[in-house]
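Architecture at a glance
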Amino acid sequence: SIFGNQFLGGLYVSEADYTSILNNTINADYSGISLSYGSYGTICNNFVFGASEAISLYQFTNAEICNNYLEAGGTGVQMIDSDYFSIFNNYIINNTVGINLESSHYSTIHDNQIYGNNYGINLEYPSNYFKIYNNQLFSNNLGLFASGGRHGLVYNNLFNNSRNVEAFGFPHHNNTWYIPLAFGQNIINGTLLGGNYWSNYPGRDTNEDGIGDTDVPFNSSNNISGDSYPLVFPSQFTCGDLNNDNQ
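The structure reproduced in this document is the subject of the present report. (Residues numbered from 1 in each chain as written. Predicted model: local features only at pLDDT ≥ 70, side-chain atom pairs only at ≥ 80, totals over all residues. Heavy atoms only, no water.)

As for the sheet that holds strand β9 (residues 69–71)
The strand order across the open sheet formed by nine strands is β2-β5-β7-β9-β12-β15-β19-β23-β27, and the pairing between neighbours is parallel. Only two strands of the sheet have a single partner each, and these edge strands are β2 (6–8) and β27 (197–198). Both β2 and strand β5 (residues 25–27) contribute to a ladder of three bridges, which runs parallel. The residue bridging Q6 from the neighbouring strand is T25, located in β5. (Pairing = 2+ DSSP bridges. Helix = DSSP H or I, 4+ residues; strand = E, 2+ residues; numbered from the N terminus.)

A short note on the packing of aromatic side chains
Scanning the model with the defined rule gives 17 aromatic pairs in all. When the centroid spacing of 5.7 Å and the interplanar angle of 40° are considered together, the rings of Y119 and F145 count as tilted. With Y119 in strand β16 (residues 119–124) and F145 in strand β20 (residues 142–145), this pair connects stretches of sequence that are 26 residues apart. The partly exposed category is assigned to Y119, whose relative accessible area is 24%. F145 sits in the buried class, given a relative accessible area of 13%. Taken together through their ring pairs, the aromatic side chains of F159, W177, W198, Y201 and F218 make up a single cluster. (Phe/Tyr/Trp six-rings, centres within 6.5 Å; stacked < 30°, edge-to-face > 60°. Buried < 20%, exposed > 50% of the residue type's maximum accessible area, 1.4 Å probe, protein only.)

Right under this line is the structure:
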C-alpha cells in the first residue's frame, strides 16, 4: 500500500497485484497515478492536480477508483485495455476529458461529479458492457461521447451541458437509456427512477409525477436510441388561500 504521501511527480506501479494507493496528494505534469499489468487495485481518496493523466490503468483487471479529486489536467481517469472496474464518488473537474475508456469492458461508473471538462465521459471503441448511473455531468462542452460503447445501461444521470450526448452509430449498439419505473429518489430528488435528466428535453410532464410524458422516447437529436422515462423537475406550485376566500 502507498498511503498518505505528497508527490511532486508521478506514481507508477507495474506488474503488481492487490495494490492500494490511498490518501496521497500529487502534483504532476505527466501521469499522476499509473497501474499496469496487474489486478485488484484500489485508488481512493487521492488529490491529483495538473497531470496529463491523473489516474491511468493499462492492461489491468478488477480495480476500484473512488473518492478522488482530479482537477486541471488532460484526462481525469484513463482506462486502456482494462476490465472489471468501478469508478465512483469522484470529483473530476476542469480537465480535457473527465473519464476515458479505450478497449475496456465491464465497467461501472456511478455517483461522480463531472464538470467543467471538454468531454465528460468518452467511450472509445470497443468499450462494452458498461453501466453509467447516478452521475452529475454538467458545464462540460460535451457530457457523453459514446461512439465506442456497446451493450450499456445509462440511467439516472443528470446531463446539463453545452451538448449532452453525441455518438456515431450509437443508437444501434444495443444500449439502454432507462430502467423500468420504480419508486426511489432520483438524481434530481424526484420520487421515481426511470431515465435520465436531460437539459435539452423539450417535452412536458402532464401528470406531475416527475417523468416526461410528451416527446418520448427522447432521442437527443437522434444521438441515442431513446429515453422512455426522461426525468423532469416538478412544477412549482404556490399553495394557500391567495384571495382570502377561505377556499
